[in-house]
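Descriptive analysis of the structure
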Amino acid sequence: MSDILKVAALQLDIVPGDKSANIAMASELLGTLPEGYDIAVLPEMFTTGFICEPQQATMLAEPVDGMTISTLKRMSAESRIALCGSYIARDNEAVYNRAFFIEPSGDTYFYDKRHLFSISGEDRAYCRGDKPVPVFRFRGWNIAIAVCFDLRFPAWLRNNRETYDLMIVMANWPDSRAYAWEHLLIARAIENQSYVIGCNRSGNDNYGEYSGTSVIIDAKGISIEEKSSDYIVTATLSKESLSAFRQKFPVLSESDRFDII
């Protein structure tokens, strides 16, 4: 159990469809982190970019023991840092935009994106997740994970089942909607009295420009990240500070309960 979590968001400039290049880039950025980091977050679909053409998505999809997860498990074990992000997953005949959280021990948690971005055609390429956002324990912290468009649905991310201390959102969110991205992350942090990490990509693709808008926010809605390079933002989270704030201002105990599935 740890009072302190040191976290980083890795803002990859994703090479479209090139898994090897993107994994190598993630490994290189991970290697620049000083010792003592606990979690490194990668963007949505970090190995391929945001793919919404059904045939291409199916071609790039991997089983759970495929190259992406197998390589990340090794990277996590070697660096002793938990890795989080999303990739294109195949489960039998179904294809998902699947988030992962991989511990250095090899323990892994998954979540299939619930809210698919129909404006881009994501709903035609992927199956919709049918399970709630997971909450799991890591180094004494309760952590939840969600993906991009999920951020716009506050009831879905409501902190009312198993109380989470940190929500991680990985995204492919263009600059044209950057104001909404930042303020939705702030709102989720305030209403759920939780730290929030929003990890976004950099570079550009068919959906727009990405100028590295990753943020890390405390439970009061204040941005606490530091930018250590164009591709990395970091922060130090304190469980003691979070617990003290929740006790002093107990919003969660007054919140409404929702059954979402």
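**Quick notes on the layout of surface pockets**
Considered as a void within the structure, the largest pocket measures approximately 220 Å³ in volume. In terms of residue class, the lining of the largest pocket is made up of 5 nonpolar, 6 polar and 3 charged. The calculated volume of the second largest pocket comes to roughly 170 Å³. Considering the residues around the second largest pocket, the lining is formed by 13 residues, among which Phe117, Cys148, Asn172, Pro174 and Arg177 are closest to the centre. Here the lining of the second largest pocket is composed, by residue class, of 8 nonpolar, 2 polar and 3 charged.

**Overview of the packing of aromatic side chains**
Geometrically, a pair of aromatic rings is defined through the distance of the ring centres and the angle of the planes. Summed over all chains, the structure comprises 11 aromatic pairs. A ring pair is formed by Phe50 and Tyr207, whose centres lie 5.4 Å apart and whose planes are at 70°; its orientation type is edge-to-face. Of the two residues, Phe50 sits in the loop between strand E2 (39-41) and helix H2 (54-60) while Tyr207 sits in the loop between strand E10 (202-205) and strand E11 (208-211), which places them 157 residues apart along the sequence. Taking relative accessible area as the criterion, Tyr207 reaches 33% and is therefore assigned partly exposed. Judged by centre distance (5.3 Å) and plane angle (70°), the rings of Phe101 and Phe138 are edge-to-face.

What counts and how
Residues numbered from 1 in each chain as written. Predicted model: local features only at pLDDT ≥ 70, side-chain atom pairs only at ≥ 80, totals over all residues. Heavy atoms only, no water. 1 Å grid on protein atoms, 1.4 Å probe; cavity = no way out; pocket = protein on both sides within 12 Å on 5 of 7 lines; lining within 4 Å. Points joined across faces, edges and corners; volume = space filled by probe spheres on them. Nonpolar A, V, L, I, M, F, W, Y, C, P; charged D, E, K, R; others polar. Phe/Tyr/Trp six-rings, centres within 6.5 Å; stacked < 30°, edge-to-face > 60°. Helix = DSSP H or I, 4+ residues; strand = E, 2+ residues; numbered from the N terminus. Buried < 20%, exposed > 50% of the residue type's maximum accessible area, 1.4 Å probe, protein only.

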